[in-house]
Amino acid sequence: MPIVKFYAGLQKAAGIKEISIPSATLHATLDSLAAEFPPLKQLVWDGETLRPHIVITINGTHVDPEQGVNIPVMPDDLIAIFPPIAGG
Amino acid sequence: MTGWCEKVLDIDLDTRSYKTYPLDMEMARLFIGGRGLGARMLWDLVGPGVDALSPENVLIFTAGPLTATGYQTSNRFSVSTKSPLTGTILDANSGGFWGMQLKKAGFDVLIILGKSEKPVWIEIKNGEIVFHDAADLWGQRVRAVTAKLGQNNNRRNVLCIGPAGENLSRIAAIMNDGERSLARGGPGAVMGSKNLKAIVVEGKERPEINDPERFKFMLYETRKLLAASPLTSQALPEFGTVVMMNIVNNIGALPTRNHQQTQFEGAEAISGEALTEKYLVKNSSCWACPIGCTRISRTDKVEGEGPEFETTWAFGAQCGIDNLEAIIEANVLCNDLGMDTISAGSTIACAMELSEKGYIESDLRFGRAELLAPMLEAMAYRRDLGADMANGSLRLATKYGHPELSMSVKGLEMPAYDPRGMQGQGLLFATSNRGGCHMRGNMLGPEVLGLPKLIDRFQVKGKSSFVILHQNSSAAIDSLVVCKFTNLGVAEEYFARVLSAVTGLQYATNELFRIGERVWNLERLYNLREGFTRKDDTLPARLLNEAPAEGPSKGWVVQLEPMLKEYYRGRGWDENGVPKPQKLAELLLADL
């Protein structure tokens, strides 16, 4: 089952750091997360679009928001979700 | 013109005398302040071939027209000098309060010339300049000196060196307000070579503002924008810069064990999230800053500012250490000794690899957190192997026959981004005028964070235009002088408007970028005059030839050559990286 990891402020919003979600696409994963953790609807995914500057990687490779989220997800994938963050 | 004090203070340590004179306002109009003004003055004052640790080198402390106005983050200042670590032009930039106080004392620029016969500290107080004997301070650490000389919030501010600077460590920092630093490139050693222990400033003046109503409106607009941005109102205040650890590691761009790997299995243990959860006391900020990215951290043994992402990486992943407590303690110690944490950590990592491979005899090994503190002490006091390490990783590795194990560019240790996972960052490091540095533009935004828009981090063609834009922008911001984090919420257009409101000169946004480009090219000319060539625009062989064996950056090396060719063209330079005459004429640098 794919694993989803939350970082920074999303850990508090979701109340957990990681979760396994059975799904075949990133779209389905995000729908499940939004349903399970309602604050994520505001912060990450409203059902149709990603919030600005959310960064999602699958096994360390960026998901390009302009390409959409109908991307297949494999059972051993690691999906990382970062809220807008910055540093130096 | 307003904003500037229009005054320079020269202090001659040879004769313990000083003079003040008007700032060249035409120069100020073209270079503004901070890094730009410092570079222009350094061009005149320190010619080619000067030994950076000789009395002929200078220290030029510069504020800018926005400094001390109360504009958000208008606390920063620069020091310009010739670097004893790299031999390049150097400016280093710090926050806190000291820069604001220099302006309140009535000066845009403070130039330190010559060398004192004996240790001295200088007091600049309400127009009076007093030289004090520093015999009883020499040998003392930064915290003790700062307290002894009366550091008092935003009323009286201390800038000093620690033992590292006194012992001419080429990675020594100048520290201000206790734990703020002008660190990269070794300016602390320049100050130590002059027998100058500290400069204390007190003042009462405030800069005049040309259009106070417009300025007030810009304050309001900037406050709104910074509050609206989740970067400056949530992420940075809550987690500090260490929040970068997990994302940079996740994508396979976190240099690990002296850049031998690009992911660190202990990254989460030393992340911003972990720091916030276990060791954070509170956040804090520099003068006039609403962002509050500073951490105040506490372990059983220490409490202090930081650590920042770069420090946590340098003592952490780069050394194979996942002990956050040891890293926090190393950061506090390094600040107290007065050393650059990035160079210190990366030099320790270099020594670890040299030791593990049997090139030096030492018990240094990756992962040995308990050796961080003893090594830092040895480096600051030049004891045993520390005497070699105090000169930075390139001189260390060269002495022991393996210069290729120094992860540096032009001698300056690279920061926490492995360019094999970020091609544009590689070009940026290779072409940086002060050596391997992420504060001369940073491709973190577009290549990792999607700010303003995500670009393919492995893409090579076309990358140079982003790098040039970032380098010019950062040079302009460093010349204002404000914090680059303001730029996360406020576009350059706003800086142009604030600058215009304060000075009464009409700066357009493109003029700001032009000033940044001017500064960049001037720095380039300085380095060319020092003998640097195209061959110095490079990266360690490891990044060009050794691909990571695993992780998201597996199989990638930096494709520097095509990016460099494109970069030179984009800059208006010839194939050897020399600015063409028409570019210099365009930038009003033709007479240099």
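Everything discussed here concerns the structure shown above.
> Any details on the pattern of salt bridges? Residues and values, ideally.
Per the stated rule, a full pass over the model turns up 43 salt bridges over all chains. A salt bridge links Glu277 of chain B to Lys17 of chain A; the shortest N-O distance between them is 3.3 Å. Remark: Lys17 of chain A occurs in the loop between α1 (9-14) and β2 (18-20) and Glu277 of chain B occurs in helix α10 (residues 272-278); the pair is interchain, linking two chains. You can call Glu277 of chain B exposed: its relative accessible area is 54%. Using a relative accessible area of 45% as the deciding quantity, one classes Lys17 of chain A as partly exposed. Two residues, Lys148 of chain B and Asp136 of chain B, come together in a salt bridge whose shortest N-O distance is 3.8 Å. Highlighted residues: Lys148 of chain B in helix α4 (residues 142-148) and Asp136 of chain B in the loop between β8 (128-133) and α4, separated in sequence by 12 residues.

> Please set out the pairing of strand β2 (residues 17-22) of chain B residue by residue, giving values where relevant.
All names here are of chain B. Where strand β1 (residues 7-12) lies against β2, six bridges are found, and the strand directions are antiparallel. Bridge pairing in β2 links Lys7 to Pro22. Turn length for the β1-β2 hairpin, with the two strands adjacent in sequence and antiparallel, is four residues, and the turn residue Arg16 shows positive phi of about 50°.

> So what's going on with the sheet that holds strand β13 (residues 280-284) of chain B? Residues and values would help.
All names here are of chain B. Ordered by their spatial adjacency, three strands build an open sheet running β13-β14-β15, and the pairing between neighbours is antiparallel. The open sheet is flanked by β13 and β15 (303-305), the only strands paired with a single partner. Looking at each pair of strands side by side, their axes are set apart by 15° on average, direction ignored. Bridge count for β13 against strand β14 (residues 294-298) is four bridges, and the pairing is antiparallel. Each residue of the ladder has a partner; that of Lys282, found in β14, is Ile296.

> So, the environment of Trp98 of chain B: which residues are in play, and what are the values?
Residues and elements named next belong to chain B. Summarising the element assignment, Trp98 is placed in helix α3 (residues 98-104). Distance in space between the C-alpha atoms of Trp98 and Leu236 is 23 Å, their sequence separation being 138 residues. Excluding its chain neighbours within four sequence positions, the residues that come into contact with Trp98 are Phe61, Phe77, Leu110, Asn157, Val158, Leu159, Asn176, Asp177, Ile199 and Val201.

Rules used throughout
Residues numbered from 1 in each chain as written. Chains lettered and ligands numbered in written order. Predicted model: local features only at pLDDT ≥ 70, side-chain atom pairs only at ≥ 80, totals over all residues. Heavy atoms only, no water. Salt bridge = Lys/Arg side-chain N within 4 Å of Asp/Glu carboxyl O. Helix = DSSP H or I, 4+ residues; strand = E, 2+ residues; numbered from the N terminus. Buried < 20%, exposed > 50% of the residue type's maximum accessible area, 1.4 Å probe, protein only. Pairing = 2+ DSSP bridges. Axes fitted to C-alpha atoms, helices over the stretch in contact; angles between N-to-C directions. Contact = heavy atoms within 4.5 Å.

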